[in-house]
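The residues making up each chain are set out below.
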Amino acid sequence: MTDVTLSSKNPTAVKAEALVVATAQTSDGVAVVSDQLPTDLLTQLETLAPQLGVTGARDEVRKIPAGDKLAADVLVLTGLGERAEDGTFATETLRRAAGAATRELAGLKSAAIALPASDDAEITAVTEGALLGAYAFNRYRTSGKDTAKVSAKTTANTGAKDAKATGKDAAKNGKDPVAAIEILTPLHKNAKAKLAAERAAILAAAVHATRDLVNTAPNELYPATFADAAKAAAKDVKHLKVTVLDDKQLASGGYGGLTAVGQGSSRGPRLVKVAYTPAKPGAKIALVGKGITFDSGGISIKPAAGMEAMKSDMAGAAAVLSTVVAAAKLNLPVAVTGYLCLAENMPGGNAQRPADVITIYGGKTVEVLNTDAEGRIVMADGLVSAVEDGHDVVLDIATLTGAQMVALGSRTSAVMGTDEVRDEVKAAADASGELFWPMPLPEELKANIKSKVADVANSGPRWGGMLNAGLFLRTFVGDHPWAHLDIAGPAFNEGGAHGYTSGGGTGVGVRTLLAFVEGRAAAAAALPAK
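Residues numbered from 1 in each chain as written. Predicted model: local features only at pLDDT ≥ 70, side-chain atom pairs only at ≥ 80, totals over all residues. Heavy atoms only, no water.

### Things to note about the pairing of strand 10 (residues 284-295)
Then, in step 1: Within strand 10, 11 of the 12 residues are buried, leaving the element largely enclosed by the surrounding structure.
Then, in step 2: Note: strand 10 against strand 11 (residues 335-345), 11 bridges, orientation parallel. By the bridge assignment, Gly-291 is partnered in strand 11 with Leu-342.
Then, in step 3: Once you follow strand 10 into helix 9 (residues 315-329) and on to strand 11, the crossover reads as right-handed. (Buried < 20%, exposed > 50% of the residue type's maximum accessible area, 1.4 Å probe, protein only. Helix = DSSP H or I, 4+ residues; strand = E, 2+ residues; numbered from the N terminus. Pairing = 2+ DSSP bridges. Right-handed = clockwise from strand over helix to strand, strands pointing away.)

Set out below in structure tokens:
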């Protein structure tokens, strides 16, 4: 992963291939946001802005020759949009601007970023954004006879040793991210600022690991290899343990949801428990992730158009794995256990059928009306298991419903659940810069998932589809503190890159989940000792 350091160097003197400086929209044109660049250079840039196509708008990036007044080779202008009324910029604005710039610097060895970074919040945002934008997925590209060969075990080795193609020239057809970044800040020696930069590096590694998993081809990433990836990610991380239940153990243990969804594939399901347990944890948190490594829809098969994106249907499980690993690397004083509900939903000869009745772990029965509503079925097994294990709170995250995209689009995720936990997740999302919107679980919609033959049906009418799915999941947590995060649209970017978000897997949810865990850790630390 890209190396990042804090530095007090003057932007004019820093020797880097690229120097990144912010621009902003003003009432009379464009302003270059810097108090260290020469006044005559600022005036020249602002005067030439229209000819250079610079407007200062958010996500705008323009590269120009640095000229003889700067030691850097190229000057990169990244837009912040308009200032707030108090003259500052929101941290998410800084995060996006830094990420948009580093996305454009792929292939370079060094860059210096001179965005506003005069307090801990700004340093955190700029560092996170720069690292989140410095991402590329090149492992399947080849050059001549050198072929990028990877395994799913390598794929999710989160942290500094992110998986790389073994062919020595494998990435040449696709540029690697900028190798090293200096964040220019007067607080470069401040202890809190250093910790913020270290946390940002761990967070970005977790997001990149999630993206890598989501982007991996489904012929390589399936339940068994995903389980191997979890073991690889946990290797040498303190207080982290991985337990795997294979298809035979799931069947004998009564995990009817995972068994039913996975039985149509030649590659059986897995339930992977990734447990971070520090000494004397102040709280116990469960994270349950949907891990459908490929979703054909099963017997209720999906249309062929766009089905290739269904390799991303395991994004929730990937986010859970990466979050638990990040919590362990940050040594947070709370226990966090991830439940990865892994299956491949295929229309094989042994596949489950519409009208089947299955028994979820714990005993509740489900009438299968639509085999393409499989995610909630595997999640039910994980939720019951998480509640049974006695956690203080349970969060689940899943690419669950197309209705989420209908309601909120492709960039805003949904959260629903018990009121306090739902609101806590929303606050964590806001703090981390991710877009989540709270949704209700109306009691009157429970009739939509009523079954004529079983305790509950796995599908209901089209209207309120996202809420129907949430109500289904609530059936398996009862009154336990819980929230459900539906990331169906935001988990996989099928459009153009924007801000710090690449095409393909986005890693959405990791930042929110980690912020939630950190919030619980802070609350536990504030309690008087027993």
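### Considerations on the environment of Glu-128
Then, in step 1: Tracing the chain through its elements places Glu-128 in helix 3 (residues 120-133).
Then, in step 2: Along the sequence, Glu-128 and Thr-401 sit 273 residues apart, while their C-alpha atoms lie 29 Å from each other.
Then, in step 3: Ignoring sequence-local partners within four residues, the contact set of Glu-128 consists of Arg-95, Arg-199, Ala-200 and Leu-203.
Then, in step 4: Within polar-contact distance, the side chain of Glu-128 engages the side chain of Arg-95 at 2.9 Å. (Contact = heavy atoms within 4.5 Å. Polar contact = N/O pair within 3.5 Å; in protein donor to acceptor, adjacent residues only side chain to side chain.)

### Focus: helix 5 (residues 191-215)
Then, in step 1: Between its first and last C-alpha, helix 5 extends 36 Å over 25 residues, near the 36 Å set by a 1.5 Å rise per residue.
Then, in step 2: With 18 of 25 residues buried, helix 5 is to be regarded as a mostly interior element.
Then, in step 3: Sitting at the head of helix 5, Asn-190 places a side-chain oxygen 2.9 Å from the backbone nitrogen of Lys-192. (Expected span 1.5 Å × (residues − 1).)

### Some points on the sheet that holds strand 10
Then, in step 1: Taken in spatial order, the eight strands make up an open sheet running 8-9-11-10-14-18-15-16, and their pairing is mixed. Of all strands in the sheet, those bounded by a partner on one side alone are strand 8 (240-245) and strand 16 (436-438). In this sheet, neighbouring strand axes are inclined to one another by 20 degrees on average, regardless of whether the strands run parallel or antiparallel.
Then, in step 2: Contacting strand 8, strand 9 (270-276), strand 10, strand 11 and strand 14 (393-398), helix 9 runs over the sheet at an angle of about 140 degrees to strand 10.
Then, in step 3: Sheet strands touched by helix 14 (residues 510-526): strand 10, strand 11, strand 14, strand 16 and strand 18 (482-486). Its angle to strand 14, the strand with the most contacts, is close to 170 degrees. (Axes fitted to C-alpha atoms, helices over the stretch in contact; angles between N-to-C directions.)

### Quick word on helix 14
Then, in step 1: Here helix 14 spans 24 Å end to end across 17 residues, near enough to the 24 Å set by a 1.5 Å rise per residue.
Then, in step 2: Counted residue by residue, helix 14 has 12 buried out of 17 residues, so it is predominantly covered.
Then, in step 3: Within the sequence span of helix 14, burial applies to Val-510, Arg-511, Thr-512, Leu-513, Leu-514, Ala-515, Phe-516, Val-517, Glu-518, Arg-520, Ala-521 and Ala-524.

### As for the packing of helix 12 (residues 419-432) against helix 14
Then, in step 1: Here helix 12 crosses helix 14 at 115 degrees, and the two axes come no closer than 8 Å. The pairing of helix 12 with helix 14 is recorded here as roughly perpendicular in orientation. Our pair here, helix 12 against helix 14, has a crossing hand that is right-handed. Across the interface between the two elements, Val-421, Glu-424, Val-425, Ala-428, Ala-429 and Ser-432 of helix 12 pack against Arg-511, Thr-512, Ala-515, Phe-516 and Arg-520 of helix 14.
Then, in step 2: Among the residues making up the contact of helix 12 with helix 14, the classes are represented as six nonpolar, two polar and three charged. (Parallel < 35°, antiparallel > 145°, perpendicular 65-115°, else oblique. Left-handed = near helix turned anticlockwise from the far one by under 90°. Nonpolar A, V, L, I, M, F, W, Y, C, P; charged D, E, K, R; others polar.)

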